[in-house]
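The lines below spell out each chain.
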Amino acid sequence: QVQLVESGGGLVQPGGSLRLSCAASGSIFSINDMGWYRQAPGKQRELVARITSGGDTNYADSVKGRFTISRDNAKNTVYLQMNSLKPEDTAVYYCHADLLRPGMVWAHIYWGQGTQVTVSS
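Given the structure is predicted, the values throughout are model-derived calculations rather than measurements.

Conventions we followed
- Residues numbered from 1 in each chain as written.
- Predicted model: local features only at pLDDT ≥ 70, side-chain atom pairs only at ≥ 80, totals over all residues.
- Heavy atoms only, no water.
- Salt bridge = Lys/Arg side-chain N within 4 Å of Asp/Glu carboxyl O.
- Buried < 20%, exposed > 50% of the residue type's maximum accessible area, 1.4 Å probe, protein only.
- Helix = DSSP H or I, 4+ residues; strand = E, 2+ residues; numbered from the N terminus.
- Lys, Arg positive; Asp, Glu negative; His and termini not counted.
- Contact = heavy atoms within 4.5 Å.

Student: Break down the pattern of salt bridges for me, citing the residues and quoting the values.
Tutor: When their charged atoms lie close together, side chains carrying opposite charge are able to pair. Within the structure shown, the criterion is met by four salt bridges. For Asp-61, the salt bridge is made with Lys-64, and the minimal N-O distance between the two is 3.1 Å. With relative accessibility at 64%, the residue Asp-61 sits in the exposed group. Because the salt bridges share partners, they merge into one network encompassing Arg-38, Glu-46, Arg-66 and Asp-89.

Written out as structure tokens, the structure is:
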């Protein structure tokens, strides 16, 4: 079994900051990409940021310069530092990990349960 557990969501005023964390646990051999998606009401899920095992990153244009993704490979944890938050950042944020389990040939994508981020005054 593999679990991705997110934390750090909440309510914040425009211009504020939040830090999301996502820890992967269970039967894991290795983790390739990790990252964050988000889904606002009535909209499709979209990529926010992604980071490779080597530390290469990419971001959605809408968050560049405001959000920073990082990871701790020793802890199988990915973080998302969100600064200068805007009301349009309001969404459920989902962690994902492309990981390989022991004894398996192919890696698979696993998802967290989601954490709500609300930006409002």
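Still more ground to cover, so stick around.
Student: Give me the side chain of Asp-98: which residues, what numbers.
Tutor: Inspection of the secondary structure puts Asp-98 in strand β9 (residues 91-100). Here Asp-98 sits buried without a salt bridge, and the closest side chain of opposite charge, Arg-50, lies 9.0 Å off (N-O distance). Discounting chain neighbours no more than four positions away, the residues touching Asp-98 are Ile-31, Asn-32, Asp-33, Ala-107, His-108 and Ile-109.

Shape is all these values report; function is a separate question.
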